[in-house]
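Residue strings, one per chain:
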Amino acid sequence: MRRVPAGLLKRLERVEQARSVTRPRAAFPPIMGLDEWEALAVASQEQLVFLTREHIDPVSEPSQEQTAAERQAEHHAANREQAERYRAGAREYLEHQRQRVKRTTAVR
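Basis of the calculations
Residue positions are given per chain, counted from 1 along the sequence in the order it is written. Given that this is a predicted model, residues contribute local features only at a pLDDT of at least 70 and side-chain atom pairs are listed and counted only at 80 or more, while totals for whole chains, interfaces and linings are drawn from all residues. By convention in this description, side-chain values take in all heavy atoms of the structure and omit both hydrogens and water. By definition, any uninterrupted DSSP run of H or I lasting at least four residues is a helix, any uninterrupted run of E lasting at least two residues is a strand, and each is numbered from the N terminus. Exposure classes here rest on a 1.4 Å probe applied to the protein chains alone. A residue is buried below 20% of its type maximum, exposed above 50%, and partly exposed in between. Each accessible area value is a Shrake-Rupley result obtained with a 1.4 Å probe; residue values ignore everything except the protein chains displayed when judging cover. A patch consists of residues whose relative accessible area exceeds 30% and which take part in no salt bridge; residues with like charges are grouped when within 9 Å of each other, and nonpolar side chains (Val, Leu, Ile, Met, Phe, Trp, Tyr) when within 5 Å. The working definition used for a salt bridge is a side-chain nitrogen of Lys or Arg within 4 Å of a carboxyl oxygen of Asp or Glu. The score called pLDDT rates the predictor's confidence residue by residue, from a low of 0 to a high of 100.

Caption draft 1: Seen up close, the overall build of the chain. Looking only at helices and strands, the chain has three helices and zero strands in total. Within the chain, the fraction of its 108 residues that count as buried is 0%. Of the roughly 11300 Å² that the chain leaves accessible, carbon and sulfur atoms contribute 58%.

Caption draft 2: Just a nonpolar patch on the surface, in detail. A cluster of nonpolar side chains, contributed by Val 4, Leu 8 and Leu 9, occupies part of the molecular surface with about 250 Å² of accessible area. Mapped onto the secondary structure, Leu 9 falls in helix α1 (residues 6-21).

Caption draft 3: Representation of the confidence of the model for the chain. On average, residues of the chain score 79 in pLDDT, and 82% of them reach the 70 mark or higher. Between the elements of the chain, mean pLDDT differs from a low of 80, seen in helix α3 (residues 64-105), to a high of 87, seen in helix α2 (residues 34-53).

Shown next, in the form of structure tokens:
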């Protein structure tokens, strides 16, 4: 087993002592009372309502039947698009395989 030089041990001791003195400490905010939390919550809710009020148009809201019909139409369109992509992908894959077979079996 090798001996550690005394100078290295002293330097290590100084580093450890310096680290123990300068440890970071958490700075938590003071605990707020229930009334203060309620005041903050009410103010933020009022601000949210004010900021989103211009984006809500209650007159032009569609009925539930219209939304269901629109959702169904969108669903069918998405299914059609997916089926077309799948068929095109299968065709492209088959064409790629044919080209690969032609390349590998071509006489040079």
